[in-house]
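Architecture at a glance
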Amino acid sequence: MIDDKRVLGVITARGGSKGVPRKNLADFRGAPLLQWTIEAARECECLDRLILSSDDAEIIALAASLGCEAPFVRSPELASDDASSVDVVLDAAERVPGYDVVVLLQPTSPLRLAADIDGTVRALVDANAPGAVSVFETAHHPWLMFGVGDDRTLEAVVERPAGSSSRRQDCPAVYQLNGAVYAVETAWLRQNRVFVRSGETVAFVMPGSRSLDIDTLEDLRAPG
């Protein structure tokens, strides 16, 4: 519990995966990807309960062996490619009620620490915000990004303010979601069905070195 708020951690790990088959069980630096998230979450101070949402018996068995409970089996409809993370987390919150804040933890962010999870939840509470998410500072500034039209002409993604510098080092800092931690007030998530809303959600800044998001086989082979 943190400031009288009960906090539920939900690890989402379905059996299927388009990019990397059986991704949540894939080896990353000597351990299954799922194990990294369970071990970080179990060290957290802010989580009152940690559960797994999965449709897969092997994933559920691994989680149990690592001390993470799976109080239900996720329905096939919520384990499809079309199922949204919001629906999956709300399903978990309905099956395991009584928590003021729900924290989404995806196994695809193996390098996050317990301190990152606790810090994100603390950011929500300290700001009295409906949600907080982990981000990292990126060098890819939108002022320097362009789309390419059918005639190959460049089209600015975001118009650069008049008089501003086009040098990357002169651009103001920008931050990118890294997918590691999403903390949201349960009632707000149920009403709005989004994890992030501009002007309302606050940020917890993580270093780029811990912001790896596993999406491909190459990501799994990222050097330590």
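Cut-offs and rules
Residues numbered from 1 in each chain as written. Predicted model: local features only at pLDDT ≥ 70, side-chain atom pairs only at ≥ 80, totals over all residues. Heavy atoms only, no water. Phe/Tyr/Trp six-rings, centres within 6.5 Å; stacked < 30°, edge-to-face > 60°. Buried < 20%, exposed > 50% of the residue type's maximum accessible area, 1.4 Å probe, protein only. Helix = DSSP H or I, 4+ residues; strand = E, 2+ residues; numbered from the N terminus. Lys NZ or Arg CZ within 6 Å of the ring centre and 35° of its normal. Pairing = 2+ DSSP bridges. Axes fitted to C-alpha atoms, helices over the stretch in contact; angles between N-to-C directions. Salt bridge = Lys/Arg side-chain N within 4 Å of Asp/Glu carboxyl O. Expected span 1.5 Å × (residues − 1). Contact = heavy atoms within 4.5 Å. Disulfide = S-S within 2.5 Å.

**Observations regarding the packing of aromatic side chains**
By the definition in use, this model includes 2 aromatic pairs. Look at Phe-28 and Trp-36: their rings are 5.3 Å apart centre to centre, the planes differ by 70°, and that puts the pair in the edge-to-face class. Overall, Phe-28 belongs to the buried group, its relative accessible area being 0%. Relative to Phe-195, the ring of Tyr-182 has its centre 5.3 Å away and its plane inclined at 50°; by these criteria the two rings are tilted. With Tyr-182 in strand E9 (residues 174–185) and Phe-195 in the loop between helix H5 (186–192) and strand E10 (202–205), this pair connects stretches of sequence that are 13 residues apart. Accessibility classification places Tyr-182 together with Phe-195 in one group, the buried group. If you follow Arg-6 out to its NZ or CZ, it ends over the ring of Tyr-99, 4.3 Å from the centre.

**Observations regarding the sheet that holds strand E4 (residues 49–53)**
Pairing in this open sheet of 6 strands is mixed, and the strands run E4-E1-E5-E9-E6-E10 from one edge to the other. The open sheet has two edge strands, E4 and E10, and neither has a second partner. Across the sheet, the axes of successive neighbouring strands diverge by a mean angle of 35°, strand direction being ignored. Judged from the 5 bridges that link them, strand E1 (residues 7–12) and E4 form a sheet pairing that is parallel.

**A look at the pattern of salt bridges**
A full pass over the atoms with the stated rule returns 11 salt bridges. Close ionic contact of Asp-116 with Arg-210 constitutes a salt bridge, the shortest N to O distance being 2.7 Å. Placement of Asp-116 in helix H4 (residues 114–127) and of Arg-210 in the loop between E10 and helix H6 (217–220) is noted, with a sequence separation of 94 residues between them. Given the relative accessible area of 1%, Asp-116 is considered buried. Note on Arg-210: relative accessible area 23%, which makes it partly exposed. Here the residues in one salt-bridge network are Asp-3, Arg-122 and Asp-126, joined through shared partners.

**What to know about H4**
Helix length check: H4 (14 residues) gives 20 Å between terminal C-alpha atoms against 20 Å at 1.5 Å per residue, within 8%. Of all 14 residues in H4, 10 are buried, a share of seventy percent or more. Of the residues making up H4, those classed as buried are Ala-114, Asp-116, Ile-117, Asp-118, Gly-119, Thr-120, Val-121, Ala-123, Leu-124 and Val-125. Looking at the buried side of H4, the elements it contacts are E1, helix H1 (33–42), strand E5 (101–105), strand E6 (131–138), E9 and E10. The first or second residue beyond H4 is Asn-128, which carries a positive phi of 50°.

**Overview of H1**
Counting buried residues along H1, 7 of its 10 residues qualify, which places the element largely inside the surrounding structure. Listed as buried for H1 are Leu-33, Leu-34, Gln-35, Thr-37, Ile-38, Ala-40 and Ala-41.

**What to know about the environment of Asp-91**
When you line up the elements, Asp-91 lands in helix H3 (residues 85–95). Look at Asp-91 and you get buried, because its relative accessible area is 13%. A C-alpha to C-alpha distance of 8.5 Å links Asp-91 and Arg-74, two positions 17 residues apart in sequence. Excluding residues within four positions of it along the chain, Asp-91 makes contact with Phe-72 and Leu-78.

**So, unusual backbone geometry**
With a phi angle near 50°, Asn-128 is a residue other than glycine that sits in the positive phi range. Locating Asn-128 in the fold gives a position in the loop between H4 and E6. Overall, the relative accessible area of 65% leaves Asn-128 in the exposed class. Residues other than glycine seldom take positive phi values, yet Arg-152 does so here, at roughly 75°. Inspection of the secondary structure puts Arg-152 in the loop between strand E7 (146–148) and strand E8 (154–156).

**A few points about the state of the cysteines**
Applying the stated rule across the entire model yields 0 disulfides. This cysteine, Cys-44, is not joined by any disulfide, and Cys-46 carries the nearest cysteine sulfur, 5.0 Å off. Free of any disulfide, Cys-68 has its nearest neighbouring cysteine sulfur in Cys-44, separated by 12 Å. With a relative accessible area of 2%, Cys-68 lands in the buried category.

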